[in-house]
Amino acid sequence: MNLIFLGAPGAGKGTQAESVSTKYGLPAVSTGNMLREAVKNGTEAGLKAKSFMDAGDLVPDEVVIGILKDRIALDDAKNGFILDGFPRTVEQAEALERMGVNIDKVINIHVADEKIIARMSGRRVCGDCGASYHIEYKPVKTEGVCDLCKGEVVLRDDDKPETVLMRLKTYHEKTAPLIEFYGNRGKLRTVEGQEEIKDTTKLTFEAIDV
Ligand code: AMP
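Presented here is a report on the structure given in the accompanying data block. (Residues numbered from 1 in each chain as written. Predicted model: local features only at pLDDT ≥ 70, side-chain atom pairs only at ≥ 80, totals over all residues. Heavy atoms only, no water.)

Some points on helix H3 (residues 44-54)
Reasoning step 1: Among the residues of H3, those classed as buried are Gly46, Ala49 and Met53. Looking straight down H3, one finds its buried side chains confined to an arc of 75°; they lie on one side. Summarising the geometry of H3, the exposed residues directed more than 90 degrees from the buried face are Glu44 and Leu47.
Reasoning step 2: In this structure, the buried side of H3 is in contact with helix H2 (31-41) and helix H7 (161-175). (Buried < 20%, exposed > 50% of the residue type's maximum accessible area, 1.4 Å probe, protein only. Helix = DSSP H or I, 4+ residues; strand = E, 2+ residues; numbered from the N terminus. Arc of directions from axis to C-beta. Contact = heavy atoms within 4.5 Å.)

Pasting the structure below:
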């Protein structure tokens, strides 16, 4: 089973992708996490990506598509995968089709912009393993320390308020057209993002299972 999570930044794609990954035993593939890792390691892709990420813009397709293609070719993805944050443009979705990847369902998590802006200030991420947290909705057990790998939990550079506004603008201009793209292909399932993570998870599982 190949799934895509679609939604604005902060809608909860990563969090829900992690739950679905655990339930179905499929790897969650986050291009955002892979790009942050590349930036941290100073790789060629990371050097190309950094300025776009800092500005709240999308990283050029040729960088992201290459990373994604290599990732889904790995052994653990041969029975399926969950894409979180890819595709983010119609061009990327078309590239996926050209790779011969069949997508079963696209879960679109809908959260209104006002709620996104309020949520993002509380979002935190592990600088080492990329696990996501929220000071209110999904707190760490020990202040500043990742539950999973004991890495340092920090505010992402691009979660600062001015960058969040740019990322939302980018989402509406470049990513939201994918709702129609996958709707036309009969793949789209929209889940209304709830206040409590577990309630969104329940709706997400229902959307996948029906
Ligand atoms: P995310 O963690 O998914 O919010 O991604 C963080 C940042 O990485 C985005 O704001 C983009 O700059 C970049 N990024 C992640 N995925 C993609 C993608 N599929 N295409 C272009 N840029 C991406």
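Next, the rest of the story.
A closer look at the pairing of strand E4 (residues 105-110)
Reasoning step 1: Of all six residues in E4, five are buried; the element is thus mostly enclosed.
Reasoning step 2: As defined by bridge partners, strand E1 (residues 2-7) adjoins E4 across five bridges and the pair is classed as parallel. Bridging from a neighbouring strand, Gly7 pairs with Ile109 of E4.
Reasoning step 3: One ladder, built from five bridges, connects E4 with strand E8 (residues 188-192); its direction is parallel. Bridging from a neighbouring strand, Ile107 pairs with Arg189 of E8. (Pairing = 2+ DSSP bridges.)

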